[in-house]
Amino acid sequence: MSSRLLDLLFSFEPGATELSVADLSRRTGLPHPTTRRLVIELAKAGALEQRADGRFTVGIRLWQLGTLAPLTESLRTTAQPFMEDLYTALHQHVQLAVLEGTEAVIIDRLSAPRALGLVSRVGGRLPLHCSGVGKVLLSHAGTRVRQDVLDGELRSYTPQTVTDPQILRRELAECRRTGTAMVRGEMSNGADSVATRILDGDGRVVASLSVVVRSGSVRPQTVLPSVITSGLGISRRLGWRPGVKVRDG
């Protein structure tokens, strides 16, 4: 029973935030009557909410539970003033991401109204091999995760996407050395990303911070110092100090 309830809840994702019973039945493979019964139970518990059109969304009680996750909430709280400073200075997208499996998950973002449109949003996922935050996280994720990603499908999103494993290995090695990544048009045409790592007190890379700008509007090299400084500031708040060795994995 519990696994089926989780299957229903995990059916909701960015781009699929409002689902009907039929949608949920199709996504989980559960019979329609079973799906309806379980969805009603979840709605009664406040985990789901039913809209006027009959479709369901994640309920407020489930959202409140999610905010208690210690890693993401402490990161968001700690990073917020630094992200606000970057946003105020640059008026571009500023985003914070963590590693989950073989993808980067955006846990917070500030966006200027006139900044370029992005394919991702808070709660959304980005590939590790061609996004700024993704390359930073992948480069520090450990040998096994890197190998899984490099041996897997390296999807090409634009003509600029790097999909050659050997080139990516060299890029990731440089990223480990500098703690930064600059990605030009690999994830979205016309979008450049400048990213840096965020460390905890033990030297583990727990997140990545990035600024995404319209190609040609700002030289990535001019943005990099500000992004690095913000990343170091967040890391210090998390307990990191100069001299603490950066850990891999």
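On a predicted model such as this, the values are computed, not experimentally measured, just so you know.

Draft legend 1. Highlighting the packing of helix α2 (residues 21-28) against helix α3 (residues 32-44). In the contact formed by α2 and α3, the axes pass within 9 Å of each other and the chain directions differ by 115°. When the axes of α2 and α3 are compared, the pair comes out roughly perpendicular. When the axes of α2 and α3 are compared, the crossing they make is right-handed. On α3, the residues that touch V21, A22, L24, S25 and T28 of α2 are H32, T35, R36 and V39. Taken together, the residues that form the contact of α2 with α3 break down as four nonpolar, four polar and one charged.

Draft legend 2. The side chain of T158, seen in detail. With respect to the helices and strands, T158 occurs in the loop between α7 (143-151) and α8 (165-178). You can call T158 buried: its relative accessible area is 4%. The residues contacting T158, other than those within four sequence positions of it, are G185, E186, M187, S188 and N189.

Draft legend 3. Structural view of the nonpolar core. Formed by 21 residues in total, the largest nonpolar core has its most connected members in L75, L96, I198, A207, L209 and V211. Those residues within four positions of L75 in sequence are excluded, and the remaining contacts are L96, V98, I107, I198, V206, A207 and L238. Core analysis: the second largest hydrophobic core is formed by 19 residues, A97, L138, L168 and L199 among them.

Draft legend 4. The confidence of the model for the protein chain, seen in detail. Predicted confidence across the protein chain gives a mean pLDDT of 88, with 91% of residues reaching 70 or more. Here helix α4 (residues 60-66) stands out as the least confident element of the protein chain, with mean pLDDT 72; helix α6 (residues 132-139) is the most confident, with 96.

Draft legend 5. Representation of the sheet that holds strand β3 (residues 93-100) in the model. Spatially, six strands are ordered β5-β4-β3-β8-β7-β6 in an open sheet, and the strand pairing comes out antiparallel. Here the strands that pair on one side only, and so sit at the sheet edges, are β5 (125-127) and β6 (180-184). Averaged over all pairs of adjacent strands, the angle between their axes in this sheet comes to 30°, without regard to strand direction. Across seven bridges, β3 lies against strand β4 (residues 103-110) in antiparallel orientation. Across the sheet, the residue bridging to V98 is V105, located in β4. Running at roughly 155° to strand β8 (residues 205-214), α6 makes contact with β3, β4, β5, β6, β7 (191-199) and β8 of the sheet. Helix α9 (residues 220-237) rests against β6, β7 and β8 of the sheet, and its axis sits at about 25° to β7.

Draft legend 6. Looking closely at a nonpolar patch on the surface. A surface patch of nonpolar side chains, amounting to about 310 Å² of accessible area, comprises V58, I60 and W63. Counting through the fold element by element, I60 comes out in helix α4. Among the residues examined, I60 registers a relative accessible area of 43% and is labelled partly exposed.

Draft legend 7. Here's a closer look at α8. For α8, which comprises 14 residues, the first-to-last C-alpha distance of 20 Å matches the rise-based estimate of 20 Å (1.5 Å per residue) to within 8%. Three or more residues of α8 are buried, namely L168, L172 and C175. What you see down the axis of α8 is that its buried residues fit within an arc of 55°, all on one side. For α8, exposure combined with an orientation more than 90 degrees from the buried face picks out R170 and R177. Where α8 is buried, its residues touch α6, α7, β6 and β7. Among the residues trailing α8, G179 stands out with phi positive, at a value near 80°.

Draft legend 8. The arrangement of unusual backbone geometry in detail. Of note, H91 is a non-glycine position whose phi angle comes to about 55°, a positive value. Locating H91 in the fold gives a position in the loop between α5 (70-90) and β3.

Cut-offs used in this document
Residues numbered from 1 in each chain as written. Predicted model: local features only at pLDDT ≥ 70, side-chain atom pairs only at ≥ 80, totals over all residues. Heavy atoms only, no water. Axes fitted to C-alpha atoms, helices over the stretch in contact; angles between N-to-C directions. Helix = DSSP H or I, 4+ residues; strand = E, 2+ residues; numbered from the N terminus. Parallel < 35°, antiparallel > 145°, perpendicular 65-115°, else oblique. Left-handed = near helix turned anticlockwise from the far one by under 90°. Contact = heavy atoms within 4.5 Å. Nonpolar A, V, L, I, M, F, W, Y, C, P; charged D, E, K, R; others polar. Buried < 20%, exposed > 50% of the residue type's maximum accessible area, 1.4 Å probe, protein only. Core = buried A, V, L, I, M, F, W, Y, C linked by side-chain atoms within 4.5 Å. pLDDT = per-residue confidence, 0-100. Pairing = 2+ DSSP bridges. Patch = residues over 30% accessible without salt bridge, like charges linked within 9 Å, V, L, I, M, F, W, Y side chains within 5 Å. Areas by Shrake-Rupley, 256 points an atom, 1.4 Å probe, with all protein chains shown as cover. Salt bridge = Lys/Arg side-chain N within 4 Å of Asp/Glu carboxyl O. Expected span 1.5 Å × (residues − 1). Arc of directions from axis to C-beta.

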